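Structural description and commentary
Chain by chain, the residues run as shown.
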Amino acid sequence: MSSSDAEHPAAYRALGTSFAVVSDRPDLLEWIDDVWRHARGDDPPEHTFTLVSPTGAEPGAHWTFVVDDRVPQLVPEPEVVPRLHWEINALARAARRDAVVLHAAVVELHGVGIVVVGASGAGKSTLTLGLCERGAHYLSDELAAVRRDRVVVDAYPKPIALRPDSWPLVERLHPGLHPALAPLLRDEWFVTPQLAIETTEPRLVLFAEYDGAQSGASLRGVDRADALVRVCGHADELAVQSAGAFTALGALVAAADAYEVRSSDLVAACDLVRGLVERVRSR
Amino acid sequence: MGVASITRAPTTETVWFGDGCVVFDRASNTVRRLNATAATIWRTLEETSSRADLISMVLDRTPGHAPDAPGEVRAFCDELASWGLIVEAAQ
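Here the structure is a predicted model, which means the values were calculated and not measured.

Reading the values: the criteria
Residues numbered from 1 in each chain as written. Chains lettered and ligands numbered in written order. Predicted model: local features only at pLDDT ≥ 70, side-chain atom pairs only at ≥ 80, totals over all residues. Heavy atoms only, no water. Contact = heavy atoms within 4.5 Å. Buried area = accessible area lost by both parts, 1.4 Å probe. Salt bridge = Lys/Arg side-chain N within 4 Å of Asp/Glu carboxyl O. Polar contact = N/O pair within 3.5 Å; in protein donor to acceptor, adjacent residues only side chain to side chain. Helix = DSSP H or I, 4+ residues; strand = E, 2+ residues; numbered from the N terminus. Buried < 20%, exposed > 50% of the residue type's maximum accessible area, 1.4 Å probe, protein only. Expected span 1.5 Å × (residues − 1). Axes fitted to C-alpha atoms, helices over the stretch in contact; angles between N-to-C directions. Parallel < 35°, antiparallel > 145°, perpendicular 65-115°, else oblique. Left-handed = near helix turned anticlockwise from the far one by under 90°. Nonpolar A, V, L, I, M, F, W, Y, C, P; charged D, E, K, R; others polar. Phe/Tyr/Trp six-rings, centres within 6.5 Å; stacked < 30°, edge-to-face > 60°. Lys NZ or Arg CZ within 6 Å of the ring centre and 35° of its normal.

Brief notes about the interface of chain A and chain B
At the interface, 20 residues of chain A touch eleven residues of chain B. Note on chain A versus chain B: buried area summed over both sides is about 1,200 Å², and carbon and sulfur give 67% of it. The largest contributions to the chain A side of the interface with chain B come from Ala 225, Ala 239 and Phe 246 of chain A, which together make up 42% of the buried area. Linking chain A with chain B are two salt bridges. Taking the shortest distance from any N to any O, the salt bridge between Arg 33 of chain B and Asp 223 of chain A comes out at 3.0 Å. Applying the counting criterion to the chain A and chain B interface returns seven residue pairs in polar contact (both at pLDDT 80 or more). Mapped by element, the contributors of at least two residues to the side of chain A that touches chain B are α5 (224-232) and α6 (245-255) of chain A.

Below is the structure:
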């Protein structure tokens, strides 16, 4: 690892905190700097990840993975980048005490903020990317930080992580990595949309559901009370948050129309969402 | 021994939507949607802690209620209590 890397690592914002990554692999640092480009910050990082590649070239070698001054851990090569993102997400969630954090994606299309809620594998990231490919501004594919004092969501512009079942839908976005990086990134694609913004005022809440049994996509309106119950199911544990978290989510669903989007077809789902956006804008 | 008082659990928070509401109970970390009748009970609990008064006030606020409505209101109260959303104190 060069001393300049260690002394002046680039810093990135992650909701209420910031981090830097140092490594003996400049190609990995370059890749991280590219995919986290919307989160670059100037302040000194609060956390540092140190990723040291294996000394030998033996297959199955482990990287040394260190968060701040914690005990170093050995991590198999394909798990290094997913682990890094998992740790960053955890730091971001823990740091944002002035907001309620939802497991949700966020974009803004034609000025309309959209929060996409869904369980893991429901297609949030794919829909997010599809909307960004159609002109939406990106805020997050993982965490929606809903402020407690007003209905505003702050960006957490991590790279969008796509699992293999999404790859055929977005084939043209194949990251085309240098072969040296490929072993680190074989299980997920990470794509960073072109356009990003810092905050949005949500006016649509979408509950994404992947439905392989149907062709195309369908919409179903969700009333506000049901929307609140469902949104709470995707919030970081409300009981350990200070008073006001539940009310903030109530304000979110009061300010936004809510729909369930079931689809197996990204193009059809994006068309439906664009129609909803136009409906909201025309009011 | 009768029930003297009936109150919302202090660990609850409420968000209202029209004639219904959603209640979060911090103690159990659960979120429940209350239908119109349960929501009327919930709202009326802001005004009285007497179970008997509660039932008559809820019936007053439920126009054209059926003859078995008092039993229904009692059943809703029991259900809210079983969820831990209301606290009953015996006399």
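Now that the structure has been shown, we can carry on.
Describing the side chain of Thr 192 of chain A
Residue and element names in this part refer to chain A. Relative to the elements of secondary structure, Thr 192 occurs in the loop between β13 (189-191) and β14 (199-200). By relative accessible area, Thr 192 is classed as buried at 10%. A polar side-chain atom of Thr 192 sits 2.6 Å from the main-chain carbonyl oxygen of Val 35. Dropping the residues within four chain positions of it, Thr 192 is found in contact with Asp 34, Val 35, Arg 37, His 38 and Pro 159.

Observations regarding helix α7 (residues 266-282) of chain A
All names here are of chain A. Taking 1.5 Å of rise per residue, the 17 residues of α7 would be expected to cover 24 Å, and the 24 Å separating its terminal C-alpha atoms lies within 8% of that figure. Elements in contact with the buried residues of α7: β7 (99-109), β8 (112-117), α4 (124-133), β15 (202-210), β16 (217-222) and β17 (257-263). Where α7 begins, one side-chain oxygen reaches toward the backbone nitrogen of Val 267, 3.0 Å away; that side chain belongs to Asp 265.

Description of the packing of α5 of chain A against α6 of chain A
All names here are of chain A. Where α5 meets α6, the axes come as close as 9 Å, and the angle between the chain directions of the two elements is 135°. By the angle class used here, α5 and α6 are oblique. You can see that α5 and α6 cross each other, and the crossing is right-handed. Side by side, α5 and α6 meet where Arg 224, Ala 227, Leu 228, Val 231 and Cys 232 of the first sit next to Phe 246, Leu 249, Gly 250, Leu 252, Val 253 and Ala 254 of the second. Split into classes, the residues belonging to the contact of α5 with α6 amount to nine nonpolar, one polar and one charged.

Observations concerning the packing of aromatic side chains
In this description, an aromatic ring pair is defined by two values, namely the gap between the centres and the angle between the planes. Using the criterion set out here, one finds eight aromatic pairs over all chains in the structure. Arranged with centres 6.2 Å apart and planes meeting at 65°, the rings of Phe 49 of chain A and Phe 65 of chain A form a pair that is edge-to-face. Here the residue Phe 49 of chain A occupies a position in strand β4 (residues 47-52), and Phe 65 of chain A occupies one in strand β5 (residues 62-67), the gap between them amounting to 16 residues. Phe 65 of chain A carries the same exposure label as Phe 49 of chain A, and that label is buried. For the pair Phe 246 of chain A and Phe 24 of chain B, a centre-to-centre distance of 5.5 Å together with 35° between the ring planes defines the contact as tilted. Of this pair, Phe 246 of chain A sits in helix α6 while Phe 24 of chain B sits in strand β3 (residues 20-25), placing the two residues on different chains. Note on accessibility: Phe 246 of chain A and Phe 24 of chain B belong to one class, buried. Here a set of aromatic residues connected by ring pairs shows up, and it is made of Tyr 12, Phe 19, Trp 36, Phe 49, Phe 65 and Tyr 156 of chain A. Across the ring face of Phe 207 of chain A, the terminal group of Arg 230 of chain A is positioned such that the distance to the ring centre comes to 4.4 Å. The ring of Trp 16 of chain B has Arg 43 of chain B lying over it, and the distance from NZ or CZ to the ring centre is 3.9 Å.

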